[in-house]
Amino acid sequence: MLPSGVRRLFRLAIRRDATIADDTDEEIRLHFALRVEELMARGLSRDRAEAEALRRFGPWREGRAQMLAAARQRDRRLTMVERLQDFWGDVRYAIGQMRRAPGFTVAVVLTFAIGIGANATMFGVIDRLLLRAPAHVAEPGELYLIKAWQHYAGRTGAFVNSGFSYPAYVDLRDRVAGLSDVAMQTAPNDLTVGRGPSAKKVRGMLVSGNYFRTLGVRPAAGRLMVPEDAALPSGNQVIVISHGFWQREFGGRADAIGRTMDFGTSKLTIVGVAPPGFTGAGFRPVDLWVPVTMFESLGYMSFIGKAWTSSRGAVWLSIVARLRPGATIEQVNAQATATHRGGQMALPGADSTATIVLESILPLRKESFSPEVRVASLLGGVAILVLLIACANVTNLLLARTMRRKREIGVRLALGVSRGRLARQFVVESTTLALLGAAAALVVAYWGSALMRGALLTNFAWSGSPLDGRLLTFTAVAAGVVGLATGLVPALQHRSFDLSSVLRDSAHGGGMSRTRTRTALLLVQGVLSVVLLVGTGLFVKSLQNVGRIRLGIDTERVVAATLDLEPAGFTSAAIEDLYRQLEARARTMPGVQHATLGEGTSFGWVLGTKVIVPGIDSLPIPPGTGPNLVGISGDYFTTLGTRILRGRSISEEEIRSGARVAVISEEMAKRVWPEKNALGACVKLVADSVPCNTVIGVSENVHQGSFIEEAPTSWVFVPLNQGRQFLRARTLFVRVARGPADRMIEPVRQMIHSTTANLPYPDVRVLSSHLGDELRPWKLGATMFGAFGGLALVVMAVGLYSVIAYMVGQRMRELGVRIALGAAPGNILRLILSHGLRVAAGSAVLGLLIALAAGRFVRSMLYEVSPRDPFILGGVAVILLVVATLASLLPALRATRADPLTALRSD
Amino acid sequence: MANPLPVLRGTLDTLVLKALATGPMHGFEITAWLDQRARGNLELLDSALYQAVYRLEARRLVSAEWGITGHNRRARYYSLTTAGRAHLRREVSNWLRYTTTVSGILTTPHPA
């Protein structure tokens, strides 16, 4: 080490250009003088000697210019080499130091790995969720989603809606001058392909023929859809498949193009493959694209049927559009609003005040963010807190080591190594450590991303490795920044080293101010940990609260199975017969407690219906909350776990005979018959002319699909088949006797296939799986906050331990003296513990204050829990104190064993 | 006297190294040392020689330091580095192999 340090003392100053020229000219002058002297000594006259010297030098101007150039290049190379050598020396020195203290190195690298890894993971997620445009879309900044601000009768305020009817789409496509391409799409929906046990479910979008042209996509193979493919009335029987589907199902073989796939009774020919990672204008996973003209034969939203091209009431598609060059958004909004309002005049009762607005498809330019995006962004911020904690901890460890290396540093200073070089050495060391940490962080990010992609954000089309160029760049930059930041503190600290005192002092003692710095850093860690733990508590509590909502259905214990039979060519009689068989066979299956049939389900789609109550002109039910009609078979309420509050449920006999009875939900009973008992009342379905259904029972409230809703839904349950003309999709419900319900999925599927050959794909799932979308933001928040909070706590505990252990080491002699003077072990224990607890208490107070102040930012992401929940705040404080006690206990116990004799002997 | 021969760039570098192998010199001393031994057979431009020295310096085969001449003048003194010494050894042995081989071929007697 020494020679390099000494050598650097004589380092040449960096040469500026002028100096180089001066030096070179000085050399030339001397050369000429000596040459002329030499020649004159040989007897030449001065004039002849000068001429000869010039001749020997070569062409004057050129020669000098070439010399200057060579000199400049020499200087550049020498300074560069010197700098590289210095740097390399620093790195080698840093590596040597790291190898000498493997425990320290591992602790720092792991801390960095956690901090940087958390950020890399969240960067990977936010990058995909927010920062990137949908893949393969040409000029994505010019592509817009058309939305309508609408008012609904009976509800105040405007609601934004991206759903349109087909006629409304045609209006906007053909009559808005400022739009060049206007395409339509549905959300990716489950479609079933094939028959029998090999049948499967795919996610398909119905799109207009100009969809791919509008998005500006090029095929990976074959061709994409063209306008004729979806031209009315019937279009072409073609599909375009996604690159992922192509790889999965066909191994990426070229002969996949031209193959057919069975959808219901239709055979669709694969004509092309979309480019890898293409998911349209959004980010949801999709397997294939079907011309919208297949609407009916796919059985898509079968209740709309033939009316899909003409009905303005059926709202089922969304619209993407490109501006014509030169058109402004304001112009187009105005044009589209006029066109839309004009078209909607044809629909009685439609909102004539709807306003059309264009919204960019770029995630960052959207008006509002989905809960997932908001929670992910919050977690991105949280990851930064984790990194700050990690940095504080590493700085602390580095400081502790600087103390231990005081002697060595003093020697280097004495040898004349400049303080600037020494500071650079510290930064190089911390940066080398940070880079190692970053390498380990990539492993963390890899696993973290797998968790995020596979378990927490499943409704997003992830493609490609999480460790892509952007993530690697981010990680490298993050490592550089934290390396620099953590190295600076010790680098600045040692500036205050007083050389003489360092050399005079023994290795221990002194450094009280540095212990103070370290305690302050611990405090920062503690405060940030408290904030994270409070966040964890709030999200876990929200998740619990959401999970505890009484839905009126035991979603965890019920398996629902449904098949798209109509598009597969089954007649109504065959469908009814099949479901009856399924119900009967399900009831005899081992492990099944109850089984029943329902028409329309709480999860999936339901049909709002017109219900007439004689004597009441219009039902006092808010729009959007029913009443919904469900046809049921026997055991329906016991199977789904819906309680009957008053009266009774519908009997098997009544169902078989189609008795005119009904069960209504509590919400409906309260709204329609607020004063009296609803039992015995008369409800008429759809029309006044039909006979009464007598209300024989009132059920508890049942949520519809979304369970976090403003108002409970009103329901009317009637015997199966009474709503037949509207409700064609049936569902088999199976209540599992015990154990996890998902174990029954496969047996139910097999039972279904064994009933009849050539059935389409049965969609079988536990009802709770429908809740996944809604639970996701809280699950995401609770899991990641929990992970980050836990890590923060561990890092903080390790930091506290190391500081206290160091302090005990420093004061061993003093403690020995105290024990020699008769201090009881209890006193020593208290002395040391109190230091750790003071830090913890300070952190708790400050952290809770910050958490209280920051609470309002997360309030909207919580469910029925106040950001000031006293149990959570109190619990966090207790956890912190307990952890601090445990972390201080070990060094405190060591302190009580301080040997008075060693202490007194040592100097 | 025959016309002096031009010197190739690589050869010039080796010659400079050889000159410095005898001890540190400033630029003029190098030219004088070489002139004395070439006896007018080599065409050496002084400016080219300085460039050769600078190149060698950039390659760290030669190091430089300002010093004072016997006549009390400031001059840049050049000396061989360890790497320069090794480089010279290699170059000399290569040169000898090369010239022996080539002369051997060129002096093969023609069959009568």
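Residues numbered from 1 in each chain as written. Chains lettered and ligands numbered in written order. Predicted model: local features only at pLDDT ≥ 70, side-chain atom pairs only at ≥ 80, totals over all residues. Heavy atoms only, no water.

(A) Local environment of the overall build of chain A. Within chain A, the regular secondary structure consists of 25 helices and 24 strands. In terms of C-alpha radius of gyration, chain A reaches 38 Å, well past the compact-globule figure of 29 Å for 907 residues. Projecting the C-alpha coordinates of chain A onto the three principal axes gives extents of approximately 135 × 95 × 50 Å. Of all 907 residues assigned to chain A, the portion counted as buried reaches 51%. For chain A, contacts bridging at least 24 residues in sequence account for 80% of all contacts bridging at least 6. Summed over its atoms, the accessible surface of chain A is roughly 40,300 Å², and 59% of this surface lies on carbon and sulfur atoms. (Helix = DSSP H or I, 4+ residues; strand = E, 2+ residues; numbered from the N terminus. Rg over C-alpha atoms; globule rule 2.2 N^0.38 Å. Buried < 20%, exposed > 50% of the residue type's maximum accessible area, 1.4 Å probe, protein only. Contact = heavy atoms within 4.5 Å. Areas by Shrake-Rupley, 256 points an atom, 1.4 Å probe, with all protein chains shown as cover.)

(B) Broad picture of the overall build of chain B. The number of helices and strands found in chain B is 4 helices and 5 strands. Considered along the principal axes of its C-alpha atoms, chain B spans approximately 65 × 35 × 20 Å. Each of the 112 residues in chain B was classed as buried or not, and the buried ones make up 38%. Restricting to contacts in chain B with at least 6 residues of sequence separation, those with at least 24 account for 52%. A total of about 6,900 Å² of accessible surface is found on chain B, and carbon and sulfur atoms cover 58% of it. Averaging the positions of the 14 positive and the 8 negative side-chain charges in chain B gives two centres separated by 6 Å. (Lys, Arg positive; Asp, Glu negative; His and termini not counted. Charge placed at Lys NZ, Arg CZ, Asp CG, Glu CD.)

(C) View of the sheet that holds strand 4 (residues 62–68) of chain B. Residue and element names in this part refer to chain B. Judged by pairing direction, the sheet is antiparallel, and its 3 strands sit side by side in the order 2-5-4 without closing on themselves. Taken across any chain shown, the strands that pair with only one partner, and hence form the sheet edges, are strand 2 (25–26) and strand 4. Strand direction decides the pairing type here: strand 2 and strand 5 (residues 74–80), joined by 2 bridges, are antiparallel. Bridge pairing in strand 5 links His-26 to Tyr-77. (Pairing = 2+ DSSP bridges.)

(D) Fine view of the state of the cysteines. Residues and elements named next belong to chain A. Counted under the stated rule, the structure contains 1 disulfide over all chains. In this model Cys-682 forms its disulfide with Cys-692; the gap between the sulfur atoms is 1.8 Å. Of note, the bridge from Cys-682 to Cys-692 carries an S-S torsion of about -85° and is left-handed in sense. One end of the pair, Cys-682, is in strand 20 (residues 682–685); the other, Cys-692, is in the loop between strand 20 and strand 21 (693–699), with 10 residues separating them in the sequence. Looking at Cys-692, the relative accessible area reads 30%, which means it is partly exposed. (Disulfide = S-S within 2.5 Å.)

(E) The arrangement of the interface of chain A and chain B in detail. Taken together, the contact pairs 28 residues of chain A with 21 residues of chain B. Taking both partners together, chain A and chain B bury about 2,400 Å²; carbon and sulfur atoms supply 54% of that area. Across the salt bridge formed by Asp35(B) and Arg35(A), the nearest N and O atoms sit 3.6 Å from each other. Where chain A meets chain B, there are 13 residue pairs in polar contact (both at pLDDT 80 or more). Secondary structure elements with two or more residues in the side of chain A that touches chain B: helix 2 (17–41), helix 3 (46–57) and helix 4 (60–100) of chain A. Considered class by class, the residues forming the side of chain A that touches chain B number 10 nonpolar, 6 polar and 12 charged. (Buried area = accessible area lost by both parts, 1.4 Å probe. Salt bridge = Lys/Arg side-chain N within 4 Å of Asp/Glu carboxyl O. Polar contact = N/O pair within 3.5 Å; in protein donor to acceptor, adjacent residues only side chain to side chain. Nonpolar A, V, L, I, M, F, W, Y, C, P; charged D, E, K, R; others polar.)

(F) Looking closely at the pairing of strand 22 (residues 715–719) of chain A. Residue and element names in this part refer to chain A. For strand 22, a buried count of 5 out of 5 residues is recorded, marking the element as mostly surrounded by other parts of the structure. Two elements, strand 17 (residues 628–632) and strand 22, share 5 bridges in a ladder whose sense is parallel. Within strand 22, the residue paired with Leu-629 across the bridge is Val-716.

(G) Structural context of the pattern of salt bridges. Within this structure, the stated rule accounts for 50 salt bridges over all chains. Residue Arg132(A) pairs with Asp127(A) through a salt bridge whose shortest N-O separation is 2.8 Å. The exposure class of Asp127(A) is buried, given its relative accessible area of 2%. Overlapping salt bridges, with partners in common, bring together Arg35(A), Glu38(A), Arg42(A), Glu52(A), Arg55(A), Arg56(A), Asp35(B) and Asp46(B) in one network.

(H) Highlighting the environment of Thr642(A). All names here are of chain A. For Thr-642, the location among the structural elements is in the loop between helix 17 (636–640) and strand 18 (644–647). Taking the C-alpha atoms as reference, Thr-642 lies 39 Å from Gly-448; in sequence the two are 194 residues apart. Residues in contact with Thr-642, not counting those within four places in the same chain, are Gly-552, Ile-553, Phe-637, Ser-699, Glu-700 and Val-702. A polar atom in the side chain of Thr-642 sits 2.6 Å from the backbone oxygen of Gly-552.

(I) Structural view of the packing of helix 5 (residues 102–131) of chain A against helix 10 (residues 371–404) of chain A. Residue and element names in this part refer to chain A. Their axes nearest at 9 Å, the elements helix 5 and helix 10 cross at an angle of 160°. Taken as axis vectors, helix 5 and helix 10 run roughly antiparallel relative to one another. The two elements helix 5 and helix 10 cross, and the hand of that crossing is left-handed. When grouped by side-chain class, the residues that make up the contact of helix 5 with helix 10 number 23 nonpolar, 6 polar and 2 charged. (Axes fitted to C-alpha atoms, helices over the stretch in contact; angles between N-to-C directions. Parallel < 35°, antiparallel > 145°, perpendicular 65-115°, else oblique. Left-handed = near helix turned anticlockwise from the far one by under 90°.)

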